[in-house]
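# Structural description and commentary
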Amino acid sequence: MYFLKETPPISFSGSVMAPSGSTGLLLWVLIFFALSITPLEARGPLGWLAGKPPQRTAAAGICASSVHIYGYKCEEHDVVTQDGYILNMQRIPEGRAGAGDMSKKQPVLIQHGILVDGMSWLLNPADQNLPLILADQGFDVWMGNTRGTRFSRRHKYLNPHQPAFWNWTWDELVSFDLPAMFDHIHGLTGQKIHYLGHSLGTLIGFASFSEKGLVDKLRSAAMLSPIAYLSHMTTVIGDIAARSFLAEATAILGVAEFNPKSGLVGGFIKAICHQAGVDCYDLIAVITGKNCCLNASTIDLFLANEPQSTSTKNMIHLSQTVRDKELRKYNYGSGDRNMKHYGQALPPAYNISAIPHDLPIFFSYGGLDCLADVTDVKYLLDQFKFHDKDKMDVQFIKEYAHADFIMGVTAKDVVYNQVATFFKRQS
């Protein structure tokens, strides 16, 4: 077996139960197959890149590997959340033309999606990378890295080998990670913040802003490939994993860290790809679906640096969102357990329509996005039907899929310039 010896069985207050019926049968078939195949790490740490030359990675930090090399200033910042996680952030305070008047620069926080980190924004040449484009446009750019990713695997009292380190979902990103980042940026700049999220970065933004916790520090929000409702998701790994209870199976077998590149989780992913008859080593397509506008060198860099770990419990929460077709806090599996955590039998819902109607907000979504499916995005946009019309911009890009928004070679002209213009209008 490929269990990490330092990771004993995880318990989520008794909430993980083995599924039954047809999904349960598929689950146990996948478990058997996952335990009988060669794990991904047996082919090297990144088996799908076997035979390819070494790629640029962020071993020395994201600033050193991916910002300084293009001639930009970059600062590494550490931020501590209220529950003890130490998060790494990058700040690009100026463009290549120089600083200008820092007191007039508006801060922008860029937040990545699931299973990646801030490096995912910096894989193209400098003139195609969103953080550098915004810096050149005169913004004070910050990049967040949520807990569990490679530079945010620290805690005041815990370490990643302990299951307790991974006892969180995106609820905690809403309650702790985003507030810590906002407080740090606002404390240093004294200015309200433009927020830009992609994928899970949009979900935690929607949830946070709906609870009004950060809106007093928020200037505007831009949401790329926005997700909140996932019932029409069609990616191979996402759909099968959610409906076959992949994350729950991983928890049952005692794996608290959900690491797609190795161990039991890597075996599960290979099993799912085999069961679906797809090429598991085309990992971007497996996770996001087919994208229109990525070049081969960018894909190689992506696979050299991503995917990143998250918590198994977080994947369970996302799977609940897919299966239940609702946006709620984590479900502990029974009315009694939920009552213990929330004081009610059902987990509380996030009410997106409660986001302040005068918040300037920009949406950009793609017609070929298999994660942020058009049907789900339209349902999300319907939650904003009472939003002030002059405060809401919606962009639809017919040919774009999920990863095109962060790595597409045409994204500067198609999306990023529009984002910069939108932010400038909110000054």
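Overview of the structure. Small disclaimer: the values here were computed from a predicted structure and weren't measured.

Our next topic: helix H11 (residues 312–324). The first and last C-alpha atoms of H11 sit 18 Å apart over 13 residues, in line with the 18 Å expected at 1.5 Å per residue. With 11 of 13 residues buried, H11 is to be regarded as a mostly interior element. Along H11, the residues that are buried comprise Thr 312, Lys 313, Asn 314, Met 315, Ile 316, His 317, Leu 318, Ser 319, Gln 320, Thr 321 and Val 322. Following H11 by one or two positions, Lys 325 adopts a phi angle in the positive range, close to 60 degrees.

Let us look at the environment of Lys 192. Residue position: Lys 192 is located in the loop between helix H4 (170–189) and strand E6 (193–199). Relative accessible area serves as the criterion here: at 40%, Lys 192 is assigned to the partly exposed category. Apart from residues no more than four positions distant in its own chain, Lys 192 is found in contact with Pro 107, His 186, Asp 216, Lys 217, Leu 218 and Arg 219.

For the structure shown, the criterion picks out 2 disulfides. Between the sulfur of Cys 63 and that of Cys 74 lies a disulfide, 1.9 Å long from S to S. Judged by the sign of its S-S torsion, about -65 degrees, the bond between Cys 63 and Cys 74 is left-handed. With Cys 63 in helix H2 (residues 62–66) and Cys 74 in the loop between H2 and strand E1 (75–80), the pair connects residues that are 11 residues apart, well separated along the chain. Between the sulfur atoms of Cys 292 and its disulfide mate Cys 293 the distance is 2.2 Å.

What follows covers the nonpolar core. Nonpolar side chains in soluble globular proteins tend to end up buried together. Judged by nonpolar contacts, the single largest core of 56 residues is most densely connected at Leu 109, Trp 170, Phe 206 and Phe 209. Every element with two or more residues in this core is listed here: strand E2 (85–92), H4, E6, helix H5 (200–210), strand E7 (218–226), H11, strand E10 (361–366) and helix H13 (374–382). With residues near it in sequence (within four places) discarded, Trp 170 still touches Leu 200, Leu 203, Ile 204, Ala 207, Asn 314, His 317, Leu 318, Thr 321, Leu 327, Arg 328 and Tyr 350.

Right, let's get into the environment of Tyr 85. Relative to the helices and strands, Tyr 85 is located in strand E2. Separated by 92 residues in the primary sequence, Tyr 85 and Asp 177 place their C-alpha atoms 8.3 Å from one another.

Here the focus is the side chain of Ser 208. Structurally, Ser 208 can be placed in helix H5. A residue is classified by how much of its surface remains accessible, and Ser 208, at 4% relative accessible area, is buried. For Ser 208, the contacting residues outside a window of four places in its chain are Val 174, Leu 178, Gly 213 and Leu 214.

Tallied over the entire structure, the rule returns 13 salt bridges. Note that Arg 328 is salt-bridged to Glu 326, the shortest N-O span being 3.1 Å. One continuous salt-bridge network, built from bridges that share partners, spans Glu 75, Arg 91 and Asp 140.

Before going further, it helps to examine the pairing of E7. Burial of E7 is extensive: 9 of the 9 residues sit out of reach of the surface. Where E6 and E7 come together, 7 bridges link them in parallel fashion. Counterpart to Leu 196 in the pairing with E7 is Ala 222. Regarding topology, H5 serves as the crossover connection from E6 to the parallel E7, and that connection is right-handed. As paired elements, E7 and E10 share 4 bridges and run parallel to each other. Within E10, the residue paired with Ala 222 across the bridge is Phe 362.

All told, the structure shown has 17 aromatic pairs when counted by the stated rule. Note on Tyr 330 and Tyr 332: the rings are 4.8 Å apart at their centroids and 85 degrees apart in plane angle, and the pair reads as edge-to-face. Like Tyr 332, Tyr 330 is buried. Plain terms: the ring middles of Phe 363 and Phe 384 are 5.1 Å apart, the flat faces sit at 70 degrees to each other, and that makes the pair edge-to-face. On the criterion of sequence distance, the pair formed by Phe 363 in strand E10 and Phe 384 in the loop between H13 and strand E11 (392–397) is long-range, its members being 21 residues apart.

In helix packing, the relevant descriptors are the interaxial angle and the interaxial distance, both defined with respect to the helix axes. Viewed as axis vectors pointing N to C, H4 and H5 meet at an angle of 85 degrees, and their least axial separation amounts to 9 Å. The orientation of H4 relative to H5 falls into the category roughly perpendicular. Only Leu 200, Leu 203, Ile 204, Gly 205, Ala 207, Ser 208 and Phe 209 of H5 make contact with H4, whose side of the interface consists of Trp 170, Leu 173, Val 174, Leu 178 and Phe 182. For the contact of H4 with H5, the class distribution of residues is 10 nonpolar, 2 polar and no charged.

The rules we used
Per chain, the residues get numbers from 1 upward, laid out in the order the sequence is written. Selection of residues for local features in this predicted model requires a pLDDT of at least 70, selection of side-chain atom pairs for listing and counting requires 80 or more, and totals for whole chains, interfaces and linings are taken over all residues. Hydrogens and water are ignored here; the side-chain numbers use all heavy atoms of the structure. Numbering of helices and strands runs from the N terminus; a helix is a DSSP stretch of H or I covering at least four residues, while a strand is a stretch of E covering at least two. Helix span is expected to be 1.5 Å times the residue number reduced by one. Here's how the labels work: a residue is buried when its accessible area is under 20% of the maximum for its type, exposed when over 50%, partly exposed in between, all with a 1.4 Å probe on protein chains only. We call two residues in contact when some of their heavy atoms are within 4.5 Å. Here, two cysteine sulfur atoms that lie within 2.5 Å of each other are counted as a disulfide. Put simply, buried Ala, Val, Leu, Ile, Met, Phe, Trp, Tyr and Cys residues joined by side-chain atoms within 4.5 Å make one nonpolar core. In the sections that follow, a salt bridge refers to a side-chain nitrogen of Lys or Arg positioned within 4 Å of a carboxyl oxygen of Asp or Glu. The pairing criterion is simple: DSSP has to find at least two bridges between the two strands. Handedness of a crossover is defined as follows: with both strands directed away from the viewer, a clockwise route from the first strand across the helix to the second makes it right-handed. Stacked, edge-to-face and tilted labels apply to pairs of Phe, Tyr and Trp rings (six-membered ring for Trp) whose centres lie within 6.5 Å, assigned for plane angles under 30 degrees, over 60, and everything in between, in that order. Between the N-to-C directions of two axes lies an angle of 0 to 180 degrees, each axis being a line fitted to C-alpha atoms and, for a helix, fitted only over the stretch in contact. Angular relationships are summarised with four words: roughly parallel below 35 degrees, roughly antiparallel beyond 145, roughly perpendicular across 65 to 115, and oblique for the angles in between. Nonpolar residues are Ala, Val, Leu, Ile, Met, Phe, Trp, Tyr, Cys and Pro. Charged residues are Asp, Glu, Lys and Arg, and all others, Gly as well, are polar.

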